[in-house]
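These are the residues of each chain, in order.
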Amino acid sequence: VVSAGDFNNDGQSETVVGYDDNDSIDIFTIYNTGSFRDLKKYSVGGAPNFVVLDYINHDSYIDIVVVNTDSDDISILLGYGNGNFADAITYSIDSRPFSVAVGDLNNDNRSDLVVSYLQSARIDVLLGYGNGSFANPIKYAIDSMSYCVVMDDFNNDNCLDVAVAAYNTGYMYVFLGYGNGSLSTPRKFRTGASPVFLMVADFDYDTHLDLVVTNYLSNTVGIFIGYGNGSFKEQITYSADWRPWALTVGDLNNDDRLDIVAATIAFSTITILFGYEDGSFINNTIIPVGNIPESVGIGDFNNDSYPDIIVVTASENFVSILLGYGNGSFATQIKCPTGSTAGSVAIADLNNDRLLDIVVVGESNVITMFGSPNLVLRKQTGLVTGNNSRSRSFVINDFNNDNHMDIIVANSGTNNIGVFLGYGNFSFTNQTTYSTGLNSSPYSIATGHFNNDTYLDIVTANFRSDSIAVFLGYGDGSFTNQTTYSTGSSSSPYSISVGYFNNDLNPDIIVINYNNNKVGIFLGHGNGMFDVIRLYSMSYGSHPSSLVVADFSDDGKMDFAVINNGTDSLSIYLQTC
């Protein structure tokens, strides 16, 4: 049996399921796992390895910037603001570019680019014209190839600066910007062996920007706490799983502290470091993901206000979503197909639908994937109804007037009803039982105000004792002992409901009898008492098994519908007088 109620007062109904062959009932919440739809590919250059999203031509629409390593160029895809992009504009640069950072280096309100290279020991600055095109590069030496470059204001002078991870030297280079597009001589800061990826954040909340780096061969993540003048403290390192590569930063456990996620490619895992306010981190948490995780990001992909993690793996045709629970723990990864192997990932709402979308680089293309709800039922809690209880029916309402939904169960195997009072947070009291009589086997339960005292009462259809049982409520979740009424010899009442059948404002009870193929009505007196049953014959051999009451003809009179187990049919009975 299935019904619904709001058990945590959030305005959304949960689903309750009872099982005839089980000793429990389960409550399921509607849960959005998040998904992606409408994959679209745009051609770019050879071996695209890095993607960022920014406003390149300042039209308030997000654009895509892709670094193409094999074709030695950058692709710019200007956005239309609706999730679609123009064909790529290509800019040739030096050999083997790998990463790019976007920002306004010369304070002209136009986006500029800084590019790092795998084959050249330098970075290039490309000043933008504000229309998606760029000037010739300005070159700065760094003594090493580099996988990553970032931009931000490290010395609080309102001019953007540049930091580069110099892979072969074991140093991070920091160039201070002059605000005119030119950069200072770099300052060097010792990292671990083979620094790969950089990110900027304020880890110690002192308003000075800090840097985090993955040290590939040292198997560590390094933190550089900034002084706010373009200089940094000596690196503090934290162990990661083998071969940390990409990074992302966010608050994963809702403690208002920044945490770090590193994609560790050797063992196909991610390493999570949870942060403290002073910029330090606790021991790592390692989560398995797909093969060779090459890129990682944080976003709320299922709109539950909890941060999730997205991982792109280099050798597989999908991205992985790890849905967060808001406490630093995550569900098992959900795989979303990309149609091809993918690399770098960037996250934004590309089509202004308030759902996060992603852009990933593929094989000579860039792929847009649009966020989409994916609603499923997830078990929230279970209630034990007792050994051999065989709970065939239940009702949901507020039986103790505390504004929290409660559940009362008809336990056909143990001949009782079970009361679970809710606390409004998916938790309930232990079951309190009321007997329906020896060998009664209550098959169905309904609720109504039978004695006009504003307190909800209960009635059950007792299959084996050929009776109904009325329990009057006290308004605090407790009930009187049963008062029984016969449904007729060998009747086997199967399903029960409450309605107004004689228009006297007193609720009546309607029951269907499985064995004698009859429907019975108990007219209520409004004081908790009822007349003897009035029986009406149904089709021979119909064996009615389920009942619902409603005004189907919209004439103000109560009708009812019955499912007939014996004839595999549905019957609708309209009241005519």
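Residues numbered from 1 in each chain as written. Predicted model: local features only at pLDDT ≥ 70, side-chain atom pairs only at ≥ 80, totals over all residues. Heavy atoms only, no water.

On the surface, a nonpolar cluster with roughly 570 Å² of combined accessible area is contributed by V548, F552, I563, L570, I572 and L574. Turning to its location among the elements, L574 is positioned in the segment after β47 (569-573). (Patch = residues over 30% accessible without salt bridge, like charges linked within 9 Å, V, L, I, M, F, W, Y side chains within 5 Å. Areas by Shrake-Rupley, 256 points an atom, 1.4 Å probe, with all protein chains shown as cover. Salt bridge = Lys/Arg side-chain N within 4 Å of Asp/Glu carboxyl O. Helix = DSSP H or I, 4+ residues; strand = E, 2+ residues; numbered from the N terminus.)

The buried fraction of strand β46 (residues 559-564) amounts to five of the six residues, a majority that puts the element mostly inside the structure. Sheet analysis places strand β45 (residues 544-550) next to β46, joined by six bridges and oriented antiparallel. The residue bridging L547 from the neighbouring strand is V562, located in β46. Where β46 and β47 come together, five bridges link them in antiparallel fashion. Residue pairing in the sheet places I563 in a bridge with L570 of β47. Where β46 hands over to β47, the hairpin turn is made up of four residues, of which D568 adopts a positive phi near 50°. (Buried < 20%, exposed > 50% of the residue type's maximum accessible area, 1.4 Å probe, protein only. Pairing = 2+ DSSP bridges.)

The volume enclosed by the largest pocket comes to roughly 870 Å³. Lining the largest pocket are 35 residues, and of these F50, V51, V52, F197 and M199 lie nearest its centre. Those elements that provide at least two residues to the lining of the largest pocket are β5 (48-54), β9 (97-103), β13 (146-152), β17 (195-201), β21 (244-250), β25 (293-299) and β29 (345-348). Taken together, the residues of the lining of the largest pocket sort by class into 26 nonpolar, six polar and three charged. (1 Å grid on protein atoms, 1.4 Å probe; cavity = no way out; pocket = protein on both sides within 12 Å on 5 of 7 lines; lining within 4 Å. Points joined across faces, edges and corners; volume = space filled by probe spheres on them. Nonpolar A, V, L, I, M, F, W, Y, C, P; charged D, E, K, R; others polar.)

As a further point, take the sheet that holds strand β20 (residues 236-239). Spatial strand order, β17-β18-β19-β20: four strands in an open sheet with antiparallel pairing. Edge positions in the open sheet fall to β17 and β20, since each of these has one partner strand only. Each neighbouring strand pair of the sheet contributes to a mean axis angle of 20°, computed without reference to strand direction. Taken together, the five bridges between strand β18 (residues 210-215) and strand β19 (residues 220-224) define a ladder with antiparallel strand orientation. If you follow T214 over to β19, its bridge partner there is V221. (Axes fitted to C-alpha atoms, helices over the stretch in contact; angles between N-to-C directions.)

This part takes up the environment of S372. With respect to the helices, strands and loops of the structure, S372 is situated in strand β31 (residues 365-372). Residue class for S372 comes out buried when judged on its relative accessible area of 18%. In this structure, the C-alpha to C-alpha distance between S372 and F36, residues 336 residues apart in sequence, is 5.3 Å. Discounting chain neighbours no more than four positions away, the residues touching S372 are G34, S35, R37 and L355. (Contact = heavy atoms within 4.5 Å.)

The next subject is the domain arrangement of the protein. Here the domain parsing of the protein yields domain 1 (1-92) and domain 2 (391-573). A separation of 47 Å is found between the C-alpha centroids of domain 1 and domain 2. Across the contact surface, domain 1 and domain 2 share zero salt bridges. The tally of links from domain 1 across to domain 2 stands at two residue pairs in polar contact (both at pLDDT 80 or more). At the level of elements, β1 (2-5), β2 (14-18) and β3 (24-32) are the ones that each hand at least two residues to the side of domain 1 that touches domain 2. Class assignment for the residues of the side of domain 1 that touches domain 2 results in nine nonpolar, seven polar and three charged. (Domains from an automatic or database assignment. Polar contact = N/O pair within 3.5 Å; in protein donor to acceptor, adjacent residues only side chain to side chain.)

All right, on to the pattern of salt bridges then. Think of it this way: side chains of opposite charge can pair up when their charged atoms draw near. The tally for this structure, following the rule as stated, stands at seven salt bridges. A salt bridge links D26 to K379, with the nearest nitrogen and oxygen atoms 3.4 Å apart. Taken together, the positions of D26 in strand β3 and K379 in strand β32 (residues 375-384) put the pair 353 residues apart, joining distant regions of the chain. A salt bridge links R37 to D353; its shortest N-O distance comes to 4.0 Å. With R37 in strand β4 (residues 35-43) and D353 in the loop between β29 and β30 (357-361), this residue pair connects regions lying 316 residues apart in the sequence. Overall, the relative accessible area of 32% leaves R37 in the partly exposed class. Here the salt bridges share partners, and the residues they tie into one network are R37, D38 and D353.

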